[in-house]
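Here is how the chains run, residue by residue.
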Amino acid sequence: MDTYKNMAAIYDEIFPFSQDTFNLLKLMANENDKILDIGSATGSYVKAFIDEGFDALGVEYTEEFSKYNYPLLIGDMNNLPFKENSFDFIFSIGNTVCHLPSRRDFLEFLKKVHSLLRPKGRFLMQIINYDRIFAHSLKELPEINTDNYSFKRGYVYENPSSLDFIGEIKDKNGGIIHKFNQKLTPFMYQDIIWAVNSSGFAFVQFFGSFQMEKFIKNESFVNITCFTKF
């Protein structure tokens, strides 16, 4: 069962468009770039790039997001349906890549992204900073509260090889509307370094926020990694 199909109708309220996020994404893009968003959900960032004059599209696993009227392919990031050298800038935010089943799959994913990029192309990836999660034995993320919903998020794990992401969304006017338990692979800083060294990328840079704050391994809330191809 697709964990996120029941979230499609309320996704933008729980995870609204962030201008800070888009500012960094746009900073990574050059004029006339062709852009791909992997895990594009409602397409808010694809649409923002299109509004800025870019050729952009998204790929999304959950079919329910196809109703959001933007250039979208329904597909799996394990089997991206594009030709080599198709894009100048690819990004994947919102912890999407942690849905890959293993570290080996992550390496194969990076190799595929590398092949899809044209020379000097860039890839930006944002995930939760799992070095912080395990360093402090954290079992939950801050609760998200909107006008209509609350979203509790927690983790169950025994070691850094995998974890269960436990979620509960409540309608503040009508009780629980969705519960889920999603298996994730918690990619750590050293996992990313290992994969970069084996995937063909020429350069990698880390940030601890979309405001380009310094990444602090055991303290930053997110891990934003920017890759560059030769």
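Given the structure is predicted, the values throughout are model-derived calculations rather than measurements.

**Section: helix α6 (residues 189-199)**
Line of reasoning, step 1. For α6, the full list of buried residues reads Asp191, Ile192, Ala195, Val196 and Ser199. For α6, the buried positions fall inside an angular range of 130° around the axis, keeping them on one side.
Line of reasoning, step 2. Looking at the buried residues of α6, the elements they touch are α4 (103-116), β5 (117-128), β10 (203-207) and β11 (222-228).

**A few points about the sheet that holds strand β1 (residues 34-38)**
Line of reasoning, step 1. If you trace the seven strands from one edge of the open sheet to the other, you get β3-β2-β1-β4-β5-β11-β10, paired in mixed fashion. With one partner strand each, in any of the chains shown, β3 (72-74) and β10 form the two edges of the open sheet. Pairwise comparison of adjacent strand axes, ignoring direction, gives a mean angle of 15° for this sheet.
Line of reasoning, step 2. Lying over the sheet, helix α2 (residues 19-28) contacts β4 (87-92), β5 and β11, oriented at roughly 160° with respect to β5.
Line of reasoning, step 3. Each of β1, β2 (55-60) and β4 touches helix α3 (residues 44-51); the most contacted strand, β2, lies at about 170° to it.

**Concerning the environment of Ile176**
Line of reasoning, step 1. Mapping Ile176 onto the fold places it in strand β9 (residues 175-184).
Line of reasoning, step 2. Relative accessible area serves as the criterion here: at 44%, Ile176 is assigned to the partly exposed category.
Line of reasoning, step 3. Sequence spacing of Ile176 and Lys112 is 64 residues, and the spatial spacing of their C-alpha atoms is 39 Å.

**Some details on the packing of aromatic side chains**
Line of reasoning, step 1. A full pass over the atoms with the stated rule returns 25 aromatic pairs.
Line of reasoning, step 2. Taking the centre distance of 5.3 Å and the plane angle of 85° together, the rings of Phe49 and Phe54 count as edge-to-face. With respect to burial, Phe49 and Phe54 carry one shared label: buried.
Line of reasoning, step 3. Ring centres of Phe49 and Phe89 lie 6.4 Å apart, and the angle between their planes is 75°; on these two criteria the pair is classed as edge-to-face. Here the residue Phe49 occupies a position in helix α3, and Phe89 occupies one in strand β4, the gap between them amounting to 40 residues.
Line of reasoning, step 4. Stacked on the ring of Phe87, the Lys or Arg Lys34 has its end atom at 5.3 Å from the ring centre.
Line of reasoning, step 5. Note that Arg153 overlies the ring of Phe151, its terminal NZ or CZ placed 6.0 Å from the centroid.

Basis of the calculations
- Residues numbered from 1 in each chain as written.
- Predicted model: local features only at pLDDT ≥ 70, side-chain atom pairs only at ≥ 80, totals over all residues.
- Heavy atoms only, no water.
- Buried < 20%, exposed > 50% of the residue type's maximum accessible area, 1.4 Å probe, protein only.
- Helix = DSSP H or I, 4+ residues; strand = E, 2+ residues; numbered from the N terminus.
- Arc of directions from axis to C-beta.
- Contact = heavy atoms within 4.5 Å.
- Pairing = 2+ DSSP bridges.
- Axes fitted to C-alpha atoms, helices over the stretch in contact; angles between N-to-C directions.
- Phe/Tyr/Trp six-rings, centres within 6.5 Å; stacked < 30°, edge-to-face > 60°.
- Lys NZ or Arg CZ within 6 Å of the ring centre and 35° of its normal.

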